[in-house]
Amino acid sequence: MNLKDKVALVTGGARDIGKAVSLKLATQGANVVVNYHNNRELGEQTLDEIRDIGGTAILVKADVTSATDAKVLVDAARREYGGSIDILVNVAGGIIARKSLQEMDEEFVEKVLRLNLVSTFLMTKRTAPHMPAGSSIINFASQAGRDGGGPGAAAYATSKAAVMGFTRAMAKELGPGNIRVNCVCPGMISTSFHDQFTKDEVRSGVAAATPLRREGCAEEVASLVAYLASRESGFINGDSIDINGGLVFS
């Protein structure tokens, strides 16, 4: 999976799965644009780790739910690395909170949709015009987008299902220009997401029900992303690939 001299932009690239993706792409030779929004310290740590392994990267603050910030992020990548972007990985997203139907209001639902779906749309719209033939976009959905998610995750699951639909639509629209668009659907991956939003007993129960009898790790997801970004996956387009240890089959 040689990505030497490719330019890779990773939204939410400073922590958890995003950090693992940034590091993995850098190890494969890509010039990485690490995006963060709130926590610059984590961004700097990721940048230092990339440089420690001999990689090349820059750090850019941007709120990818904002059209203005999305443009700032893409412009910074193009300015630093010569104009084109070969790989876009839309990791940024989240659940915000677990709420039942009666606890949710329109503002909450719209906020979750903006964080997960609209951010992916904005970054794809801004980046695609600057992607040469052979480029790759990798979006992040979730197992929740397949099965509806756990308690209180209706808005999150809906937004991630929409990301899968958007992925398929973009695969058709951008495919004639030889830009592939795919999606990864992680299951229970050991990250701060589940540290914050999933009870320990639920996590242990899911791990026990998984054929591999464990949670996944961010580095395993990053390896899948690197494959989808590479020429080795050149005929995979419009797919949403599960990575959940065999817990759910789509």
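Every chain is numbered on its own, with residues counted from 1 as its sequence reads. Note on the predicted model: pLDDT of at least 70 is required for a residue's local features to be given, and 80 or more for side-chain atom pairs to be given and counted; whole-chain, interface and lining totals, by contrast, use all residues. Where side-chain values are given, they derive from all heavy atoms of the structure, hydrogens and water being excluded.

*Asks:* How should I be thinking about the packing of helix H3 (residues 67-81) against helix H4 (residues 106-127) in this particular structure?
*Replies:* A pair of packed helices can be characterised by two numbers: the angle between their axes and the separation between those axes. A fitted line through C-alpha atoms represents every axis, and for helices the fit uses only the stretch in contact; the resulting angles, taken between N-to-C directions, go from 0 to 180 degrees. In this description a helix means any DSSP run of H or I spanning at least four residues, a strand means any run of E spanning at least two, and both kinds are numbered starting from the N terminus. H4 packs onto H3 with a crossing angle of 45° between their chain directions and a minimal axis gap of 9 Å. As judged from the angle between their axes, H3 and H4 are oblique. In this structure, H3 meets H4 at a crossing whose hand is right-handed. Facing H3, whose interface residues are Ala67, Ala70, Lys71, Leu73 and Val74, H4 presents Leu122, Met123, Arg126 and Thr127. All residues other than Ala, Val, Leu, Ile, Met, Phe, Trp, Tyr, Cys, Pro, Asp, Glu, Lys and Arg, Gly among them, are scored as polar; the first ten of these are nonpolar and the last four charged. Of the residues in the contact of H3 with H4, the class split is 6 nonpolar, 1 polar and 2 charged. Our angle categories are set so that under 35 degrees counts as roughly parallel, over 145 as roughly antiparallel, 65 to 115 as roughly perpendicular, and the remainder as oblique. Note: crossing handedness is left-handed where the near helix turns anticlockwise from the far helix by less than a right angle, and right-handed where it turns clockwise. We call two residues contacting when some pair of their heavy atoms lies within 4.5 Å.

*Asks:* I tried to follow helix H8 (residues 200-209) on my own but got confused; where do I start?
*Replies:* Since there are 3.6 residues in each turn of an α-helix, residues three or four apart along the chain are aligned in direction. Among all positions of H8, only Arg203, Val206 and Ala207 are buried. Seen along its axis, H8 keeps its buried residues to an arc of 100°; they face one direction. Packed against the buried residues of H8 are helix H7 (192-197). Three labels apply to residues, based on accessible area from a 1.4 Å probe with only protein chains included: buried if under 20% of the type maximum, exposed if over 50%, partly exposed otherwise in between. Working note: the arc is built from the helix axis to C-beta atom directions.

*Asks:* Help me understand the pattern of salt bridges in this model?
*Replies:* In a structure, side chains of opposite charge can pair up when their charged atoms sit close to one another. A pairing counts as a salt bridge when a side-chain nitrogen of Lys or Arg comes within 4 Å of a carboxyl oxygen of Asp or Glu. Taken as a whole, this structure holds 7 salt bridges when the rule is applied. The salt bridge involving aspartate 242 is made with arginine 146; its shortest N-O contact spans 3.0 Å. Here arginine 146 lies in helix H5 (residues 143-147) and aspartate 242 lies in strand E7 (residues 240-243), a separation of 96 residues in the sequence. For glutamate 215, the salt bridge is made with arginine 203, and the minimal N-O distance between the two is 2.8 Å. With glutamate 215 in the loop between H8 and helix H9 (218-229) and arginine 203 in helix H8, this pair connects stretches of sequence that are 12 residues apart. In this pair, the class of glutamate 215 matches that of arginine 203, namely buried.

*Asks:* How should a negative patch on the surface be read in this particular structure?
*Replies:* Excluding any residue in a salt bridge, patches collect residues exceeding 30% relative accessible area, merging like charges within 9 Å and nonpolar Val, Leu, Ile, Met, Phe, Trp and Tyr side chains within 5 Å. Method for areas: the Shrake-Rupley scheme with a 1.4 Å probe, in which residue coverage is limited to the protein chains shown. All tallies of charge rest on Lys and Arg as positive and Asp and Glu as negative; His and the ends of each chain are not included. To locate a charge, take NZ of a lysine, CZ of an arginine, CG of an aspartate or CD of a glutamate. On the surface, a cluster of negative charge is contributed by Asp105, Glu106, Glu107 and Glu110. With respect to the helices and strands, the residue glutamate 106 is situated in helix H4. For glutamate 106, a relative accessible area of 65% corresponds to the exposed category.

*Asks:* How should the packing of aromatic side chains be read in this particular structure?
*Replies:* Think of it this way: a Phe, Tyr or Trp ring, Trp meaning its six-membered ring, pairs with another when their centres are within 6.5 Å, and the plane angle makes it stacked under 30 degrees, edge-to-face over 60, tilted otherwise. Taken as a whole and assessed by the stated rule, the structure comprises 1 aromatic pair. Between phenylalanine 121 and phenylalanine 166 the ring centres are 6.4 Å apart and the planes differ by 80°, which places this aromatic pair in the edge-to-face class. In this pair, phenylalanine 121 sits in helix H4 while phenylalanine 166 sits in helix H6 (residues 154-174), placing the two residues 45 residues apart along the sequence. Classification of phenylalanine 121 as partly exposed rests on a relative accessible area of 36%.

*Asks:* For this particular structure, what's the right way to read the nonpolar core?
*Replies:* Across soluble globular proteins, you tend to see nonpolar side chains buried next to one another. What makes a nonpolar core is a set of buried Ala, Val, Leu, Ile, Met, Phe, Trp, Tyr and Cys residues whose side-chain atoms join them at distances within 4.5 Å. Counting 35 residues, the largest nonpolar core has Val21, Leu25, Val32, Ile87, Val89, Ile138 and Phe140 as the members making the most contacts within it. Considering every element that reaches this core, the biggest residue donor is H9, with 8 residues. Valine 21 has contacts with Val10, Val89, Phe140, Ala222 and Val225, leaving out every residue within four places of it along the chain. Core analysis: the next-biggest nonpolar cluster, separate from the first, contains 27 residues, Ile58, Ala171, Leu174 and Ile179 among them.

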